[in-house]
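# Structural characterization, general
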Amino acid sequence: MSQAETRSRDSSDMISIHGTSVKAVAITFDDGPNPDFTPQMLDIFREEGGRATFYMTGEQIARYPDTARLVQETGHEIGNHTYTHPHLTELDEEAVRAELVRTSDLIRETVGALPATFRPPYLATDAQVERIARELGYPVVGGVNGAARDWEMPGADHILEASLAVAEPGSILLFHDGYGDRSQTVEAVRALVRTLKKEGYVFVTASELLAMK
């Protein structure tokens, strides 16, 4: 499955940074849960503090429900990333809605809570996708660090440097914990969290960030 999130379309509704005076960022992960790499991400925040958001696909939740429950039980947030990870802009209205609703229902059944935010696969969105998301009560969440390209495994140093370059109060940072070897991402996120923590940043979920003034 391609992870070319840089192939995004301009969107008036997609939020990649939220204006706030608080030194807070939302670190987010796509395409899980993954039984190997998701727990490693959780360990970083257990050691350093803060909470993250995991944008899960329904297919992966169905495969690894225990890992999804671990994310919820350790205080992190689960977001809706569709069921099958399609290009939503290529689907009709009924199919788009089904992708979101089916995933939301599965998240509720699996962890006992509904997702608060939504991220479209590949960051591919349009007016129809955003209208359906609004009708379902979802903010559409993007990310500021597309240049990190962690899905391409460009090296932990590149992922780290590209993410630090755009990190500022209110930033939403996008990484991956699913599909493929995410060891570079683990290494980069660990260094990122430690660096930003020393600079006085706190790590909040996407919904917490969007609620800040």
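Residues numbered from 1 in each chain as written. Predicted model: local features only at pLDDT ≥ 70, side-chain atom pairs only at ≥ 80, totals over all residues. Heavy atoms only, no water.

### Quick word on helix α5 (residues 127-135)
All of the buried residues along α5 are Val-129, Glu-130, Ile-132 and Ala-133. Take α5 and look down its axis: the buried residues cluster within an arc of 160°, on one side only. Exposed positions of α5 whose direction lies more than 90 degrees from the buried face are Ala-127 and Arg-134. Looking at the buried side of α5, the elements it contacts are α4 (93-111). Phi for Gly-137, located one or two positions after α5, is positive at around 85°. (Buried < 20%, exposed > 50% of the residue type's maximum accessible area, 1.4 Å probe, protein only. Helix = DSSP H or I, 4+ residues; strand = E, 2+ residues; numbered from the N terminus. Arc of directions from axis to C-beta. Contact = heavy atoms within 4.5 Å.)

### Examining the packing of aromatic side chains
Applying the stated criterion across every chain yields a total of five aromatic pairs. Both rings, one in Phe-29 and one in Phe-45, keep their centres 6.5 Å apart while their planes meet at 80°; by these two values the pair is edge-to-face. Here Phe-29 is found in strand β1 (residues 24-32), whereas its partner Phe-45 is found in helix α1 (residues 38-48), with 16 residues between them in sequence. Between the aromatic rings of Phe-29 and Phe-175, the centroid separation amounts to 6.2 Å while the plane-to-plane angle is 40°, which identifies the pairing as tilted. (Phe/Tyr/Trp six-rings, centres within 6.5 Å; stacked < 30°, edge-to-face > 60°.)

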